[in-house]
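Spelled out, the chains give:
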Amino acid sequence: MKLLVINGPNLNMLGIREKNIYGAETYEDLKALIEKTFAEQGIEGEIYQSNHEGALVDRIQQAYFDGTNAIVINPAAYTHTSVAILDALKAVSLPAVEVHISDVKEREDFRQISYAGKACEKTIMGKGFHGYVEAILYLVEKYK
Ligand code: DQA
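The shown structure was predicted, so the numbers you read here are calculated from the model rather than taken from an experiment.

(A) Expanded view of the packing of aromatic side chains. Applying the stated criterion across every chain yields a total of one aromatic pair. Plain terms: the ring middles of Tyr64 and Phe65 are 5.0 Å apart, the flat faces sit at 80° to each other, and that makes the pair edge-to-face. On the accessibility criterion, Tyr64 (54% relative accessible area) is exposed.

What follows is the structure, encoded as structure tokens:
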């Protein structure tokens, strides 16, 4: 099984940005946790991060051609704005799980819509970095 984890804008700033919301652990810590989960599950995995909407769309499209079986995605702020990311997920039609580190449903009104979430079979939010582990385990259990 080949799994792709995609992170959107400003998630490379974890450990620096709004620690009261996202915690003190860094993006490197998050990558290490995800890599450890890939290894424990015996699956092939890739982690991709970009601050650019078009680059995220390109990476999702590439997943159709590179043998990816499932996607975990935290589109970050693009969650709430990007029809292009929604359309890309629909275009490739791969099983996807949406992750948010914070509990977005308890936050500002403008965070209450998720476009990407409309193409995801599950959303995990408010569980910190562990949400990524949960998303991977869900996809492995269902599709490996
Ligand atoms: C986030 C929530 C988004 O609203 C925000 O724009 C982010 C991170 C989260 O993981 O909690 O950048 O996706």
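(B) Representation of the site of the ligand in the model. Every residue close to the ligand is listed here: Arg17, Tyr22, Asn74, Ala76, Ala77, His80, His100, Ile101, Ser102, Val104 and Arg111. Asn74 is positioned such that a nitrogen or oxygen atom in its side chain is 2.8 Å from an oxygen atom of the ligand. Relative to its free-state accessible area of 330 Å², the ligand is covered by the protein chains to the extent of 98%. A class-by-class count of the residues in the shell around the ligand yields five nonpolar, four polar and two charged.

(C) Quick peek at the nonpolar core. If you look at the biggest cluster of nonpolar residues, it comprises 24 residues, and the most contacted ones within it are Leu3, Val72, Tyr132 and Ile136. At the level of elements, strand S1 (2-7), helix H2 (27-41), strand S3 (70-74), strand S4 (96-100) and helix H5 (130-143) are the ones that each hand at least two residues to this core. With five residues, H5 is the single largest residue contributor to this core. If sequence neighbours within four positions are ignored, Leu3 has contacts with Phe38, Ile43, Glu44, Gly45, Glu46, Ala70, Val72, Ile136, Leu139 and Val140.

(D) Spatial organisation of unusual backbone geometry. One non-glycine residue, Ala76, adopts positive backbone phi at about 55°. Checked against the element boundaries, Ala76 lands in the loop between S3 and helix H4 (83-92). A positive phi is found at Ser93, a non-glycine position, where the angle reads about 55°. With respect to the helices and strands, the residue Ser93 is situated in the loop between H4 and S4.

(E) Local environment of the sheet that holds S1. Read across the open sheet, the five strands follow the order S2-S1-S3-S4-S5; overall the sheet is parallel. At either margin of the open sheet sits one strand with a lone partner, and together these are strand S2 (44-49) and strand S5 (122-125). Recorded for the sheet is a direction-independent mean angle of 15° between the axes of neighbouring strands. Note: S1 against S2, six bridges, orientation parallel. Bridge assignment links Leu4 to a residue of S2, and that residue is Glu46. Across the face of the sheet, helix H3 (residues 53-65) comes into contact with S1, S2 and S3 while running at roughly 170° to S1.

(F) Looking closely at the side chain of Thr68. With respect to the element layout, Thr68 can be found in the loop between H3 and S3. Thr68 gets classed as buried once you look at its relative accessible area, which sits at 6%. A distance of 2.6 Å separates a polar atom in the side chain of Thr68 from a polar atom in the side chain of Asp66. What Thr68 contacts, discounting residues up to four positions off in sequence, is Lys2, Leu4, Ala63 and Leu94.

(G) Region of the structure containing H5. Between its terminal C-alpha atoms H5 stretches 20 Å, which fits the 20 Å expected from 14 residues at 1.5 Å a residue. Taken together, the buried positions of H5 are occupied by Gly131, Tyr132, Val133, Ala135, Ile136, Leu139 and Val140. The elements touched by buried residues of H5 are S1, H2, S3, S4 and S5.

Scoring rules and cut-offs
- Residues numbered from 1 in each chain as written.
- Predicted model: local features only at pLDDT ≥ 70, side-chain atom pairs only at ≥ 80, totals over all residues.
- Heavy atoms only, no water.
- Phe/Tyr/Trp six-rings, centres within 6.5 Å; stacked < 30°, edge-to-face > 60°.
- Buried < 20%, exposed > 50% of the residue type's maximum accessible area, 1.4 Å probe, protein only.
- Near = heavy atom within 4 Å.
- Polar contact = N/O pair within 3.5 Å; in protein donor to acceptor, adjacent residues only side chain to side chain.
- Areas by Shrake-Rupley, 256 points an atom, 1.4 Å probe, with all protein chains shown as cover.
- Nonpolar A, V, L, I, M, F, W, Y, C, P; charged D, E, K, R; others polar.
- Core = buried A, V, L, I, M, F, W, Y, C linked by side-chain atoms within 4.5 Å.
- Helix = DSSP H or I, 4+ residues; strand = E, 2+ residues; numbered from the N terminus.
- Contact = heavy atoms within 4.5 Å.
- Pairing = 2+ DSSP bridges.
- Axes fitted to C-alpha atoms, helices over the stretch in contact; angles between N-to-C directions.
- Expected span 1.5 Å × (residues − 1).

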